[in-house]
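Structural description and commentary
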Amino acid sequence: MMNLAERGGRLIRLPSRTSGWRTDPEAGDAAGLAGLVGARVIRDTLHVLLVEDEPGDARLVEYALRMSSAPVFVVRHVGTLAAAIAHIESGEPVDVVLLDLSLPDSTGIATVSRMQEAASRTPIVIMTGMDDPRFASYALEAGAQDYLIKSDDPERTVGRAIRYAITRMAGQLERQALLERIAEQQRHLVEEVNAARAMQFDLLPRPERLDGRLAKLGIEVESFFEPSSGIGGDLWGCLDCGGPRMSFYCFDFTGHGIGAALNVFRLHALISDHWDPRRQPGEMLATLGTALKGLLGRGQFATMFLCTIDVDAGEIEWASAGAPAPVIMQGQEYRFLAASGIPLGLSKSPEYREHCEPFPPGAALFMYSDAITDSPHEGDALYGETGLGNAIQGLLRTNGELRVDNLLDEVCRQVQTPFEDDLTAVCIRRLKGEE
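What counts, and at which threshold
- Residues numbered from 1 in each chain as written.
- Predicted model: local features only at pLDDT ≥ 70, side-chain atom pairs only at ≥ 80, totals over all residues.
- Heavy atoms only, no water.
- Patch = residues over 30% accessible without salt bridge, like charges linked within 9 Å, V, L, I, M, F, W, Y side chains within 5 Å.
- Areas by Shrake-Rupley, 256 points an atom, 1.4 Å probe, with all protein chains shown as cover.
- Salt bridge = Lys/Arg side-chain N within 4 Å of Asp/Glu carboxyl O.
- Helix = DSSP H or I, 4+ residues; strand = E, 2+ residues; numbered from the N terminus.
- Pairing = 2+ DSSP bridges.
- Axes fitted to C-alpha atoms, helices over the stretch in contact; angles between N-to-C directions.
- Buried < 20%, exposed > 50% of the residue type's maximum accessible area, 1.4 Å probe, protein only.
- Phe/Tyr/Trp six-rings, centres within 6.5 Å; stacked < 30°, edge-to-face > 60°.

**Observations concerning a nonpolar patch on the surface**
Judged by side-chain polarity, L178, L179 and I182 come together as a nonpolar surface patch covering roughly 290 Å² of accessible area. Here L178 lies in helix α6 (residues 154-202).

**Describing the sheet that holds strand β2 (residues 45-51)**
Taken in spatial order, the 5 strands make up an open sheet running β3-β2-β4-β7-β8, and their pairing is parallel. Two strands lie at the open edges of the sheet, namely β3 (72-78) and β8 (146-149), each paired on one side alone. Adjacent strand axes in the sheet meet at a mean angle of 20 degrees, parallel and antiparallel pairs treated alike. The pairing of β2 with strand β4 (residues 96-100) spans 4 bridges and is classified as parallel.

**Here's the deal with the pattern of salt bridges**
As enumerated under the stated definition, the model contains 16 salt bridges in all. For R213, the salt bridge goes to D240, with nearest N and O atoms at 3.0 Å. Here the residue R213 occupies a position in helix α7 (residues 207-217), and D240 occupies one in strand β10 (residues 234-242), the gap between them amounting to 27 residues. For R213, a relative accessible area of 17% puts it in the buried group.

**Details of the packing of aromatic side chains**
Within this structure, the stated rule accounts for 5 aromatic pairs. Between F251 and F253 the ring centres are 5.9 Å apart and the planes differ by 85 degrees, which places this aromatic pair in the edge-to-face class. Just as F251 is buried, F253 falls in that class too. Ring pairing ties together the aromatic residues Y249, F251 and F253, which thus form one cluster.

The following block contains the structure:
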């Protein structure tokens with residue numbers, strides 16, 4: 001028999017197939033905008049900056065505003081855009097700008113744009129002698145809140161337009177502040193999920209910790225793991241039994257996202273607490289199922305497959321808690337293993353059937369989550385075991401072995417992507433060696 005130290009073997013962790021599970025939103029100055037919400041309300045006294053170079057028109061507007069008793073308008077009149085901008089920059093209170101579009105130093109839509117740049121959070125009501133709906137539309141797009149024709153009755157229209165402009169601007173600022181707060185909250189959520197994602201990936205076996213042991217056993221493991229929502233309810237792992245034996249498992253909780261990920265940490269902790277290499281796979285599943293029953297919420301459960309490979313005996317023992325049926329392969333032959341069993345967390349005293357069969361050098365075992373078999377294939381049909389089996393058979397005939405990256409390529413060509421569920425795919429193969 002070959003010495004264990006001469007067999008070789010390693011763990012291959014395949015990289016993610018997505019450039020990033022989520023785009024981190026840009027965070028804005030939510031605190032700064034939040035202070036503006038509610039600032040543009042209709043108060044008892046409103047400060048109006050009147051930008052008008054025609055003295056007669058200015059006097060008509062001032063007269064119309066003085067006639068108002070509630071609110072009281074305090075008017076500051078300037079005749080140029082430069083003077084208006086200087087007044088804004090001086091810090092004097094301005095609740096609304098009444099802006100003529102024909103000034104000595106600026107005319108047309110550009111006047112609105114320049115004023116809006118100087119007072120981006122101050123409502124602007126433009127005044128012009130042009131009765132042109134298209135022109136009004138352009139002015140509103142440039143940043144104005146309302147549009148007045150100088151021929152209109154100023155006593156009737158100016159005060160109303162000011163109140164409307166202030167209210168409209170307040171609504172815009174409030175919506176903008178809300179969007180900024182949502183973006184800030186989303187940024188924090190992404191940071192928290194990224195931290196949780198890193199913790200979940202830390203639960204996975206690492207080559208630097210495992211390669212030496214796998215090399216002695218002559219076992220190669222190729223794995224792919226990708227939660228659908230940054231974090232999820234899948235996990236796979238291995239447990240060293242000592243000597244010529246090693247155990248492997250793969251489990252999948254109902255749902256995905258944060259809730260499922262919390263259950264992953266629960267089950268991983270239970271495995272660490274209750275693991276005993278002397279126990280058979282079925283006995284371990286029963287222990288874990290009983291422990292989970294008192295921890296999970298209603299409707300929550302996990303499917304799990306657990307196996308132990310003995311390289312000296314050339315055997316594999318396994319038990320399943322309702323997991324997707326793993327595939328055992330040798331040469332160009334493959335078949336699905338029996339995987340029935342009650343999922344973990346549904347029964348206080350579950351029982352699981354033990355299985356054992358040969359697992360010689362050259363044999364391989366493929367464990368996977370149901371993200372593959374439950375993916376839509378053609379129309380309403382699912383990919384299922386039939387699709388997976390056909391893909392495996394084709395790769396075995398073409399390449400002589402199953403590589404996880406090749407299988408995922410084949411599956412992704414036939415199903416709808418991206419996958420809607422967490423995806424785990426692990427192939428465990430015994431390397432051939434001289435006896």
